[in-house]
Amino acid sequence: MKSLSLCIDIDGTVTEPYYWLERANAYFGSSLLPEHVTQYEIHKLLGVEPEVYLDFYEHNGIYLHSEAEIRLGAREVISSLYDNHIIHFVTAREEKMTDVSVQWLNRHQIPMDSITHLGSHHKVEKAVELQADLFIEDSLENALELAASGFHVLLIDCTYNKGLLPHNVLRVSNWFQIERFIDVRARQIAGNLKFAI
């Protein structure tokens, strides 16, 4: 029987966080670098209205997601975790991105038990439904919302998610650190010890 129900975001968490920069810079005539990405809302970084960025995404989203690079260690760690835990991908991408998401995960040989395209950044309801023991995220806002509802969150460090964290959100640097954390917590739960961050 698998130990933990792990919910994992995709963009910026399994993918490299700045994969959209090259296409966005070319489209908008900007010259943003990763260190300039200090907030989550991309349209604000580009200095355009939300509708303008959405139009760009409407025409380029499939290419962006298809071309995205994978984070170092993500494939190896998720594959290892899948042996002992339930893997649910929960993304804010819209349902129309299902095919490109699944193809990308398959191409990178990343196993899973399920994938959900919410079309929204609000993930608490899905986390409840999936009985998440742990959520892995790159969005500070999502992490705080999940934490406020009592979920434990690992927040993978990015330039755009700095800020104070509550006790049940832990900032991590990479997938190897995530693996070590989950291994320790799974052993604690197996020994009936309190799950805490």
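In what follows, the structure referred to is the one given above.
Residues numbered from 1 in each chain as written. Predicted model: local features only at pLDDT ≥ 70, side-chain atom pairs only at ≥ 80, totals over all residues. Heavy atoms only, no water.

### Description of the packing of helix H1 (residues 21-28) against helix H3 (residues 50-67)
A pair of packed helices is captured by two measures, namely the crossing angle of their axes and the spacing between those axes. This is how it is decided: A fitted line through C-alpha atoms represents every axis, and for helices the fit uses only the stretch in contact; the resulting angles, taken between N-to-C directions, go from 0 to 180 degrees. Put simply, DSSP H or I for four residues or longer makes a helix, DSSP E for two residues or longer makes a strand, and each gets a number counted from the N terminus. Note on convention: near helix rotated counterclockwise from far helix by under a right angle means a left-handed crossing. Clockwise means right-handed. We call two residues contacting when some pair of their heavy atoms lies within 4.5 Å. Only Asp, Glu, Lys and Arg are considered charged, only Ala, Val, Leu, Ile, Met, Phe, Trp, Tyr, Cys and Pro nonpolar, and every remaining residue, Gly among them, polar.
For the pair H1 and H3, the least separation of the axes is 10 Å and the interaxial angle reads 145°. In this structure, H1 crosses over H3, and the sense of that crossing is right-handed. Packed against H1, whose contacting residues are Arg-23, Ala-24, Tyr-27 and Phe-28, the element H3 presents Val-52, Tyr-53, Asp-55, Phe-56, Asn-60, Tyr-63, Leu-64 and Glu-67 at the interface. Considering only residue class, the contact of H1 with H3 consists of 8 nonpolar, 1 polar and 3 charged.

### Examining the packing of aromatic side chains
This is how it is decided: A pair of aromatic rings is counted whenever rings of Phe, Tyr or Trp (Trp by its six-membered ring) have centres within 6.5 Å, and the orientation is called stacked for planes under 30 degrees apart, edge-to-face for over 60 and tilted otherwise. Relative accessible area decides the class of each residue, using a 1.4 Å probe on protein chains only: under 20% of the type maximum gives buried, over 50% gives exposed, and in between gives partly exposed.
All chains considered together, the criterion is met by 7 aromatic pairs. Their ring planes at 50° and their centres at 5.4 Å tell us that Tyr-53 and Phe-56 sit as a pair that is tilted. One end of the pair is Tyr-53 and the other is Phe-56, both in helix H3 and 3 residues apart, which spans about a single turn. With relative accessibility at 12%, the residue Tyr-53 sits in the buried group. Each residue in the set Tyr-27, Phe-28, Tyr-53 and Phe-56 is aromatic and connected to the rest through ring pairs, giving one cluster.

### Regarding the pairing of strand S1 (residues 5-8)
Operational definition: The pairing criterion is simple: DSSP has to find at least two bridges between the two strands.
Burial along S1 is two-sided: Ser-5 and Cys-7 facing one way and Leu-6 and Ile-8 facing the other are all buried. Here 4 bridges tie S1 to strand S2 (residues 86-91), and the two strands are oriented parallel to one another. Counted as the bridge partner of Cys-7 is His-88 from S2. Where S1 and strand S4 (residues 134-137) come together, 3 bridges link them in parallel fashion.

### Considerations on the side chain of His-108
Tracing the chain through its elements places His-108 in the loop between helix H5 (98-107) and strand S3 (114-117). If near-sequence neighbours (up to four positions away) are discounted, His-108 is found in contact with Ala-68, Ile-70 and Arg-75.

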